[in-house]
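Fold and contact review
This is what each chain is made of:
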Amino acid sequence: AQSVTQLDSQVPVFEEAPVELRCNYSSSVSVYLFWYVQYPNQGLQLLLKYLSGSTLVKGINGFEAEFNKSQTSFHLRKPSVHISDTAEYFCAVSDPDSWGKFQFGAGTQVVVTP
Amino acid sequence: EAGVVQSPRYKIIEKKQPVAFWCNPISGHNTLYWYLQNLGQGPELLIRYENEEAVDDSQLPKDRFSAERLKGVDSTLKIQPAELGDSAVYLCASSLSQGGSYNEQFFGPGTRLTVL
């Protein structure tokens with residue numbers, strides 16, 4: 001079974017600074033990869049996804065992620081964060097052969113301060 | 001377009017009491033998911049429905065949890081009796097699944113359950 005490791009449980013960052021959230025997954029076979037954001041008291045919202053093709057994926061709100069198959073990583077980045085980016089971020093993986101079955105990481109809490 | 005609707009948003013009960021959560025998926029979405037999210041953790045799948053059929057319930061604790069999806073639309077998740085360890089957020093999600101290809105899951109806001 002797939003597993004997902006988010007290496008940082010909390011990332012403090014100043015407004016307008018860059019941020020990188022790290023995600024590693026267990027399998028070296030084909031996978032689908034996702035990043036979700038969860039604002040307080042809300043459900044998860046898809047930021048971006050990698051299914052195939054270009055390894056650099058651009059998502060909403062200025063986020064992007066890079067798929068690295070050799071390192072089994074899918075790190076999320078944003079060059080300049082806003083206060084409104086304060087939220088919990090989840091990395092998830094799905095096996096294309098059992099689509100719809102997601103394995104989520106434990107989450108990374110991003111706290112943006114002025 | 002309305003998103004995934006869940007009710008109640010919050011529920012506080014005493015242990016050994018029953019509790020039920022309701023989910024209304026996005027109109028037309030044939031796949032429905034129930035997830036459990038413990039504090040500080042990512043969601044874990046409890047059950048997945050394709051229309052009215054539960055196609056993956058391997059993670060559902062069947063001794064106390066049950067779920068149904070009436071007519072392939074709304075769904076109810078029940079716990080009876082509730083235990084202290086059931087305190088968590090219960091998330092519902094839906095997607096339109098066609099031909100085995102990937103389709104985005106849309107999540108509801110969740111029901112936060114507190115068992116005292």
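Before any of the text, the structure's been laid out above.
All of these numbers come straight from a predicted model, not from anything done at the bench.

1. So, the state of the cysteines
Residue and element names in this part refer to chain A. In the structure shown here, the tally under the stated rule is 2 disulfides over all chains. Sulfur-sulfur distance for the disulfide between Cys23 and Cys91 comes to 2.0 Å. Residues Cys23 and Cys91 share a disulfide whose torsion about the S-S bond is about -65°; that sign makes it left-handed. One end of the pair, Cys23, is in strand S4 (residues 23-25); the other, Cys91, is in strand S10 (residues 87-94), and 68 residues separate them in sequence. For Cys23, a relative accessible area of 0% corresponds to the buried category. For Cys91, a relative accessible area of 0% gives the class buried.

2. Quick word on the nonpolar core
Of all hydrophobic cores here, the largest spans 28 residues; its most connected members are A:Trp35, A:Leu48, A:Phe74, A:Leu76 and A:Tyr89. A total of 4 residues in this core trace back to one element, the largest contributor, which is S10(A). If we ignore the near neighbours within four places in the chain, the residues touching A:Leu48 are A:Leu33, A:Phe34, A:Trp35, A:Val57, A:Lys58, A:Gly59, A:Phe63, A:Glu64, A:Ala65, A:Phe74 and A:Leu76. B:Leu32, B:Leu36, B:Tyr49 and B:Cys92 belong to the second-largest nonpolar core, a separate cluster that totals 22 residues.

3. Overview of the sheet that holds strand S7 (residues 65-69) of chain B
All names here are of chain B. One open sheet accounts for 4 strands, arranged S1-S3-S8-S7; its pairing is antiparallel. The open sheet has two free edges, formed respectively by strand S1 (5-7) and S7, since each of these has just one partner strand. Sheet twist, expressed as the average angle between the axes of neighbouring strands with direction ignored, equals 15°. Sheet topology note: the S7/strand S8 (residues 75-79) ladder contains 5 bridges and is antiparallel. When the bridges of S8 are listed, Glu68 appears paired with Thr76.

What counts as what
Counting starts from 1 at the beginning of each chain's written sequence and moves along it residue by residue. Chains and ligands are labelled sequentially in the order written, the chains with letters from A and the ligands with numbers from 1. Local features in this predicted model are restricted to residues whose pLDDT is 70 or higher, and side-chain atom pairs enter the listing and the counts only when it is 80 or higher, whereas totals over whole chains, interfaces and linings include all residues. By convention in this description, side-chain values take in all heavy atoms of the structure and omit both hydrogens and water. Two cysteine sulfur atoms make up a disulfide if the distance between them is within 2.5 Å. Secondary structure elements are defined from DSSP: runs of H or I of at least 4 residues count as helices, runs of E of at least 2 residues count as strands, and each element is numbered from the N terminus. Relative accessibility under 20% of the residue-type maximum defines a buried residue, over 50% an exposed one, and the middle range a partly exposed one, all with a 1.4 Å probe and only protein chains included. Definition of nonpolar core: a set of buried residues of the types Ala, Val, Leu, Ile, Met, Phe, Trp, Tyr and Cys, connected through side-chain atoms within 4.5 Å. Residues count as neighbours in contact if any of their non-hydrogen atoms are within 4.5 Å of one another. A pair of strands is considered paired only if DSSP assigns at least 2 bridges between the two. Angular values range over 0 to 180 degrees, each being the angle between N-to-C directions of two axes fitted as lines to C-alpha atoms, with helices fitted over their stretch in contact.

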